[in-house]
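Summary of structural features
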Amino acid sequence: QEPQASGLPEYIKIVEVGPRDGLQNEKVIVPTDIKIELINQLSKTGLPAIEVTSFVSSKWVPQMADHKEVMRGIERHPGVQYPVLTPNLQGFHSAIAAGATEVSVFGAASESFSKMNINCSIEESMERFEEVIKSARNMNIPVRGYVSCALGCPYEGNVVPDKVAEVSKRLYSMGCYEISLGDTIGVGTPGSMKKMLEAVMKEIPLSALAVHCHDTYGQALANILTAIQMGVAVVDSSVAGLGGCPYAKGATGNVATEDVVYMLNGLGINTGVNLCAVMEAGNFICTALNKKTNSKVAQASFSTGTIN
Amino acid sequence: NVVPTSVKINLINMLSETGLQVIEATSFVSPKWVPQMADHTEVMQGINKFPGISYPVLTPNLKGFQAAVAAGAKEVSIFGAASELFTKKNINCSIEESLERFDEVVKAAREASIPVRGYVSCVLGCPYEGKISAAKVAEVSKKMYSMGCYEISLGDTIGVGTPGSMKEMLAVVMKDVPVGALAVHCHDTYGQALANILVALQMGVSVVDASVAGLGGCPYAQGASGNVATEDLVYMLNGLGIHTGVDLQKLMDTGTFICNALNRKTNSKVSQASCRL
């Protein structure tokens, strides 16, 4: 396969969000040593970035209460980034003290979602993030910006592409090196993905964009394909598709890393990721959580006993 | 589990109210081989036939064709493959022999003014042979099209295809069969179906096969999924502004009906997400 001939990127960076976004949204709270083992296994798969944990108050997110222990306990492989969420300055300082070398901030393109999720307006959240980003830049710590509800909001419904562009531009101008556009409730389709990216690409260079698609309506891979056809070269995913959707009971959330890698392999796009190794890590965490994988590739491969 | 005839008839009648224009009703194959379709005559005679909707049935040979026509069928389908091993294991003959068999059916169908749809299995991979050459897919498709099939449905039987292999295969097949006569039949065993369908649409294909609630597992990978869910497909096409005439809510209701009857969960993510229990 010749990705260049079809206008696709030659290389796509996969950002693995399973240990944070995934585990935060699973019903079971995972013991610290299991989290550490999962991250260590993922570090050996070739994934270039693994989102480790979240330095948020354990009052709000009990699943991430062990953030310090996890940060200090994991192996740090050279060439692998280990970003952590830092919703405010306090969390940022805590993260640095625990050894973090990259942080992320989480904005949204919807006022209602911002209010319900972090109890403030988009503007107020930006002021909070600005403090984090200023401190981070002073310490040469890269900051990734997330924009939730990029293709739809559980409260507001439709989200205007220009609003997504506005929030993204704000985060980028503040100093985020990359903006990850999240289809938080998975309602997006290739149609809305294209429109949203066209609006955002007017304000942000393509190389600074990532997509974070949820598979709640089964649209994730088609949406990711659309994004990479438009030149996006960074994709977020979660091993074994960890992390359900908090807004639709019983529905799925994150797209499975295995299924993304399978598609990119078939397109001849380089990711540096060893699919078998990811499937093994997925098998490990699913066994530990006593749950079935959400990855179709893993389901199909383990049942036939062969890996395609 | 073999589904009772009345449930099948009910399912098809419900599907007939969703706006779908083509509903594959049953298979006129010996119940010795396919017991789940043993009630083919009763189903064919029992369903409501709405004007404007086509109810094609599978007819693997002349005998099946004649039984189908006697039961009231107005459209038939034949099932070929791009893999010799798959053909041998599936219908116990070579590709060439299968085409001779189909030729009889197509000839008889044309005499009776009955349209014939041709399926080609294993277009993106075979459970026995592994990789399948696009040239072979084109060769079999061309033969079936020249025989007189009005449409060729290209099936990713084990769901191993990706947008890369789909694009490559279609580019070759489109040299021998006009795109207007092509359909894709994608399986979601590796989660690739919607992405593969999207690529096919981008190349001009405008006929897509799908199964309500994603019914039908993969016989080659125990516990793995098979057919892509019609609900998920319609959701994507709606989002792309592509007209299908299908009412998604009615489709979801039909999926709920058959899943309850089968006492199983749906394979459609759109259906799962829409159930806020």
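Residues numbered from 1 in each chain as written. Chains lettered and ligands numbered in written order. Predicted model: local features only at pLDDT ≥ 70, side-chain atom pairs only at ≥ 80, totals over all residues. Heavy atoms only, no water.

Remarks on the overall build of chain B
Regarding its fold elements, chain B presents 11 helices and seven strands. C-alpha atoms of chain B, sized along the principal axes, occupy 50 × 45 × 35 Å. Buried residues in chain B amount to 55% of all 277 residues. Within chain B, contacts between residues at least 6 apart in sequence are counted, and of these 72% link residues at least 24 apart. Of the roughly 11900 Å² of accessible surface on chain B, 54% is carried by carbon and sulfur atoms. One finds the centroid of the 22 positive side-chain charges in chain B at a distance of 2 Å from the centroid of its 24 negative side-chain charges. (Helix = DSSP H or I, 4+ residues; strand = E, 2+ residues; numbered from the N terminus. Buried < 20%, exposed > 50% of the residue type's maximum accessible area, 1.4 Å probe, protein only. Contact = heavy atoms within 4.5 Å. Areas by Shrake-Rupley, 256 points an atom, 1.4 Å probe, with all protein chains shown as cover. Lys, Arg positive; Asp, Glu negative; His and termini not counted. Charge placed at Lys NZ, Arg CZ, Asp CG, Glu CD.)

Details of the sheet that holds strand S2 (residues 57-58) of chain B
Backbone hydrogen bonds hold the strands of a sheet together, and the pairing may be parallel or antiparallel. All names here are of chain B. One open sheet accounts for seven strands, arranged S1-S2-S3-S4-S5-S6-S7; its pairing is parallel. Both outer strands of the open sheet, strand S1 (26-27) and strand S7 (208-209), are each paired with one neighbouring strand and no more. With six bridges joining them, strand S3 (residues 76-81) and strand S4 (residues 116-121) adopt parallel strand pairing. Bridge pairing links Gly80 to Val120 in S4. Each of S3 and S4 is contacted by helix H5 (residues 95-111), which is oriented at about 165 degrees to S3, the strand it contacts most. (Pairing = 2+ DSSP bridges. Axes fitted to C-alpha atoms, helices over the stretch in contact; angles between N-to-C directions.)

Observations regarding the pairing of strand S5 (residues 143-148) of chain A
All names here are of chain A. The buried fraction of S5 is high, at six of six residues. Burial along S5 is two-sided: Val143, Gly145 and Val147 facing one way and Arg144, Tyr146 and Ser148 facing the other are all buried. One ladder, built from six bridges, connects strand S4 (residues 103-108) with S5; its direction is parallel. Note on S5: the bridge partner recorded for Gly107 is Val147. Direction of pairing for S5 relative to strand S6 (residues 178-183): parallel, over a ladder of four bridges. In the sheet register, Arg144 faces S6, and the bridge partner there is Glu178. In this region the chain leaves S5, passes through helix H7 (residues 161-174) and returns to the parallel neighbour S6; the handedness of that crossover is right-handed. (Right-handed = clockwise from strand over helix to strand, strands pointing away.)

Focus on the interface of chain A and chain B
Often, the extent of an interface is quoted as the loss of accessible area upon association of its parts. Across the boundary between the two partners, chain A contributes 37 residues, which contact 37 residues of chain B. When the two sides are added together, the surface that chain A and chain B hide from each other amounts to roughly 2800 Å², 56% of it contributed by carbon and sulfur. Here chain A is connected to chain B by 10 residue pairs in polar contact (both at pLDDT 80 or more). Grouping the constituent residues of the side of chain A that touches chain B by class yields 14 nonpolar, 19 polar and four charged. (Buried area = accessible area lost by both parts, 1.4 Å probe. Polar contact = N/O pair within 3.5 Å; in protein donor to acceptor, adjacent residues only side chain to side chain. Nonpolar A, V, L, I, M, F, W, Y, C, P; charged D, E, K, R; others polar.)

Points about the UniProt feature "domain: Pyruvate carboxyltransferase" (unreviewed entry) in chain A
Here, the residues flagged by UniProt with the feature "domain: Pyruvate carboxyltransferase" (unreviewed entry) are residues 12-279 of chain A. Along residues 12-279 of chain A, the helical share is 41% and the strand share 13%, with 19 Å between the first and last C-alpha atoms. (UniProt positions renumbered as here; feature names shortened; annotations may be inferred.)

Some thoughts on the sheet that holds S4(A)
Residue and element names in this part refer to chain A. If you trace the eight strands from one edge of the open sheet to the other, you get S2-S1-S8-S7-S6-S5-S4-S3, paired in parallel fashion. The sheet is open, and its two edges are formed by strand S2 (49-50) and strand S3 (84-85), each paired on a single side. Seen against the sheet, H7 touches S4, S5 and S6 and runs at an angle of roughly 165 degrees to S5.

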